[in-house]
Amino acid sequence: MDYGTDISIEDLRTHYDAVIFATGAIKDADLNIPGIELDGSYGGADFVSWYDGHPDVAREWPLDAKEIAVIGNGNVALDVARVLSKHADDLLVSEIPDNVYAGLKNSPVTDVHVFGRRGPAQVKFTPLELRELSHSKDVDIILYAEDFEFDEESDRQIQSNNQTKTMVGTLTNWIAEQPEDLSELTASRRLHLHFLHSPVEIYDDAATPGKVAGMKFERTELDGTGNARGTGEFVDYPVQAVYRSIGYFGSALPEIEFDHKKGVVPNDGGRVLDAAGTHVPGIYATGWIKRGPVGLIGHTKGDALETVTYLLEDRDNLPVAAVPEADAVVELLDARGVKFTSWEGWLALDAHELALGAAATEAGGSHGVEVKRERIKVVPREDMVAISRDGVTAQV
Ligand SMILES: NC(=O)c1ccc[n+]([C@@H]2O[C@H](COP(=O)([O-])OP(=O)(O)OC[C@H]3O[C@@H](n4cnc5c(N)ncnc54)[C@H](OP(=O)(O)O)[C@@H]3O)[C@@H](O)[C@H]2O)c1
């Protein structure tokens, strides 16, 4: 069910005293460099939507590159790099949808390069997600000694933040254990972590006009403040695909004010504001659409607590819904022919997916691989809706 299409703000106001928008952010932030529009240049968030089985994105993803660049040093860059480099069979223990398995199974990738524009002490990864990288079978992690620059500010960051200390420790251990002669590494795929590389340009070549053939970076150095500056030295990498994972950006909601610079709904602690900066009575926001696309689930919980606290503070002054009966919304949606689902419907879909997983496991795994499949995700929206509304039974 789509807000703005199936239901309007007026409908919501008619049926509820208050509305909380928790619509998050699903789009990639822009990276404004030449060549970003080339065929083979993708947004990491779009790729995440594909491999997570988002029902509203295409089922196919072009995976024809042997060498890939992933731009950014956040957890999304790590997720994207891990999925791109891992062998598809090793992803079957996860909830990977079948169309995604099929796409990744045929990927010819050999090298995935992750580029950060600052140093190893300035990464935005978190320790668990970084360590997870080393759990990929037949994938060697490669680091480069010239990228390991630590200035006084880095030392301060390492001493004052346990997460930074842990991650720098992990990275320095990995490089210390790496053979000096990289030809001694034997895995069929490699995941390279580069630091101090700022993106400059993506380019094609005469052999494949319009298609990514390589990427240029400027080497950077730390400037003593925690930031990095260009050195004037440029380096090129032959790659056939580029994934930018430099953050998300929120999307405007119909009939609600939007800050197009920050990509958030303007708000004061979760109270949504109008163009004049006044709280719109009964309208609230929480999560990434409230504070921007940063933070793990813990931050999101704290954020929700703040919004709900303000809502409760306002409860005596909320606008009163004209039709507050719970069934009225259901009747409205039914009358409009909206195919929505309910909590019971979600449980039915969950049971169906688990049953598909159990049946595949019992049949000896899937795709010729003996593996316990926890669940097999249903991806097409019409199938999800049909199963959750009509309780269609599991078939493998
Ligand atoms: N498993 C998990 O727990 C998980 C998984 C996914 C996401 N998340 C969370 O979701 C949030 C969003 O993650 P995210 O990875 O999208 O964002 P992020 O953590 O903000 O990381 C963005 C990265 O992009 C870099 N960047 C930004 N602009 C750039 C540019 N113009 N050129 C080069 N690099 C650029 C940033 O570098 P600078 O630091 O230099 O700006 C940073 O390394 C984070 O809080 C993350 O931890 C968690």
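One can find the structure itself at the top, above this paragraph.
Residues numbered from 1 in each chain as written. Predicted model: local features only at pLDDT ≥ 70, side-chain atom pairs only at ≥ 80, totals over all residues. Heavy atoms only, no water.

A. View of the pattern of salt bridges. For the coordinates displayed, the defined rule picks out 21 salt bridges. With a closest N to O distance of 2.8 Å, Arg375 and Asp350 form a salt bridge. Of the two residues, Arg375 is situated in the loop between helix 11 (343–362) and helix 12 (381–390) and Asp350 in helix 11; the sequence distance between them amounts to 25 residues. In this structure Asp350 comes out as buried when scored by relative accessible area, which is 17%. The partner of Glu374 in a salt bridge is Lys372, with the nearest N and O atoms 3.2 Å apart. Lys372 sits in the exposed class, given a relative accessible area of 55%. Taken together, the shared-partner salt bridges in this structure form one network comprising Glu95, Asp350, Glu353 and Arg375. (Salt bridge = Lys/Arg side-chain N within 4 Å of Asp/Glu carboxyl O. Helix = DSSP H or I, 4+ residues; strand = E, 2+ residues; numbered from the N terminus. Buried < 20%, exposed > 50% of the residue type's maximum accessible area, 1.4 Å probe, protein only.)

B. Representation of the site of the ligand within the structure. By nearness alone, 21 residues border the ligand, and Asn73, Asn75, Arg117, Arg118 and Gly295 come closest of all. In the model, an oxygen atom of the ligand is placed 2.6 Å from a nitrogen or oxygen of the Gly295 main chain. Here the element with the most residues in the shell around the ligand is helix 3 (residues 75–85); it accounts for 3 residues. Class assignment for the residues of the shell around the ligand results in 9 nonpolar, 7 polar and 5 charged. The two domains that each donate at least three residues to the shell around the ligand are domain 1 (18–25 + 250–318) and domain 2 (27–248). (Near = heavy atom within 4 Å. Polar contact = N/O pair within 3.5 Å; in protein donor to acceptor, adjacent residues only side chain to side chain. Nonpolar A, V, L, I, M, F, W, Y, C, P; charged D, E, K, R; others polar. Domains from an automatic or database assignment.)

C. View of the packing of aromatic side chains. Enumeration according to the criterion identifies 16 aromatic pairs in this entry. Relative to Phe21, the ring of Tyr3 lies with its centre 5.0 Å away and its plane at 65 degrees, an arrangement referred to as edge-to-face. On the criterion of sequence distance, the pair formed by Tyr3 in the segment before helix 1 (9–15) and Phe21 in strand 1 (residues 19–21) is long-range, its members being 18 residues apart. Of the two residues, Tyr3 and Phe21, neither departs from the other in class, the shared state being buried. Taken together, the aromatic side chains of Tyr42, Phe47, Trp50, Tyr51, Trp61 and Tyr243 make up a single cluster linked through ring pairs. It is Arg389 that lies over the ring of Phe340; its NZ or CZ is 5.2 Å from the centre. (Phe/Tyr/Trp six-rings, centres within 6.5 Å; stacked < 30°, edge-to-face > 60°. Lys NZ or Arg CZ within 6 Å of the ring centre and 35° of its normal.)

D. Representation of a negative patch on the surface in the model. On the surface, a cluster of negative charge is contributed by Glu325, Asp327, Glu331 and Asp334. For Asp334, a relative accessible area of 43% gives the class partly exposed. (Patch = residues over 30% accessible without salt bridge, like charges linked within 9 Å, V, L, I, M, F, W, Y side chains within 5 Å. Areas by Shrake-Rupley, 256 points an atom, 1.4 Å probe, with all protein chains shown as cover. Lys, Arg positive; Asp, Glu negative; His and termini not counted. Charge placed at Lys NZ, Arg CZ, Asp CG, Glu CD.)

E. Representation of the sheet that holds strand 13 (residues 267–268). Strand order in the open sheet formed by 4 strands is 1-15-14-13, with mixed pairing between adjacent strands. Whereas interior strands pair on both sides, the edge strands pair on one side only; in this sheet they are strand 1 and strand 13. Note: strand 1 against strand 15 (residues 279–285), 3 bridges, orientation parallel. Of the residues in strand 15, the one forming a bridge with Ile20 is Tyr284. (Pairing = 2+ DSSP bridges.)

F. Local environment of unusual backbone geometry. Of note in the backbone geometry, Leu196 takes a positive phi value of approximately 60 degrees without being a glycine. Tracing the sequence through the fold places Leu196 in the loop between strand 7 (189–194) and strand 8 (197–203). When its relative accessible area of 1% is taken as the criterion, Leu196 is described as buried.

G. A look at the pairing of strand 6 (residues 139–143). A large share of strand 6 lies buried, amounting to 5 of its 5 residues. Burial of strand 6 is two-sided: the residues Val139, Ile141 and Leu143 facing one way and the residues Asp140 and Ile142 facing the other way are all buried. The sheet contact formed by strand 6 and strand 7 spans 5 bridges and is parallel. What sits directly across from Val139, in strand 7, is Arg189.

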